[in-house]
Amino acid sequence: MWVILGVIAIVATFINLYMYTAGKDYKLAMALGLSFTALTLCADYSYVSRWVRVEDWAALSDVVPGMARALWFLTIVSILLNIAPIFLERKRKKS
């Protein structure tokens, strides 16, 4: 499930950036991109919690350290890409 939500978050982010460059209202796409990023994190956390319930410590020790770094990186990139049009719009209005 987290993979599907992650792909939707990526698509929504690219739609957000496209809408901004096309001069259209991008705010709904921005909200969708950020929302699906949050849903991806929640789904991934639920996935990891299943491993804890069944006490699959090998899976946790193999996957979680690398996954934590990847999720931090991808979440930060998602936030920056989704809010970039707001900052670019403000910069353009000041000029």
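Residues numbered from 1 in each chain as written. Predicted model: local features only at pLDDT ≥ 70, side-chain atom pairs only at ≥ 80, totals over all residues. Heavy atoms only, no water.

### Considerations on the nonpolar core
So, step 1. One finds Val48, Trp51, Ala59, Leu60 and Met67 forming the largest nonpolar core, which totals 5 residues.
So, step 2. When residues of this core are traced back to their parent elements, those giving at least two are helix H2 (27–53) and helix H3 (57–94).
So, step 3. Sorting elements by how many residues they give to this core places H3 first, with 3 residues. (Core = buried A, V, L, I, M, F, W, Y, C linked by side-chain atoms within 4.5 Å. Buried < 20%, exposed > 50% of the residue type's maximum accessible area, 1.4 Å probe, protein only. Helix = DSSP H or I, 4+ residues; strand = E, 2+ residues; numbered from the N terminus.)

### Description of the environment of Ser46
So, step 1. Within the secondary structure layout, Ser46 lies in helix H2.
So, step 2. When its relative accessible area of 34% is taken as the criterion, Ser46 is described as partly exposed.

### Focus: a positive patch on the surface
So, step 1. Where like charges cluster on the molecular surface, the positive patch consists of Lys27, Arg90, Arg92, Lys93 and Lys94.
So, step 2. The leading source of residues in the positive patch is H3, at 4 residues.
So, step 3. Tracing the backbone shows Lys27 in helix H2.
So, step 4. The partly exposed category is assigned to Lys27, whose relative accessible area is 42%. (Patch = residues over 30% accessible without salt bridge, like charges linked within 9 Å, V, L, I, M, F, W, Y side chains within 5 Å. Areas by Shrake-Rupley, 256 points an atom, 1.4 Å probe, with all protein chains shown as cover. Salt bridge = Lys/Arg side-chain N within 4 Å of Asp/Glu carboxyl O. Lys, Arg positive; Asp, Glu negative; His and termini not counted. Charge placed at Lys NZ, Arg CZ, Asp CG, Glu CD.)

That is the geometry; function is a separate question.
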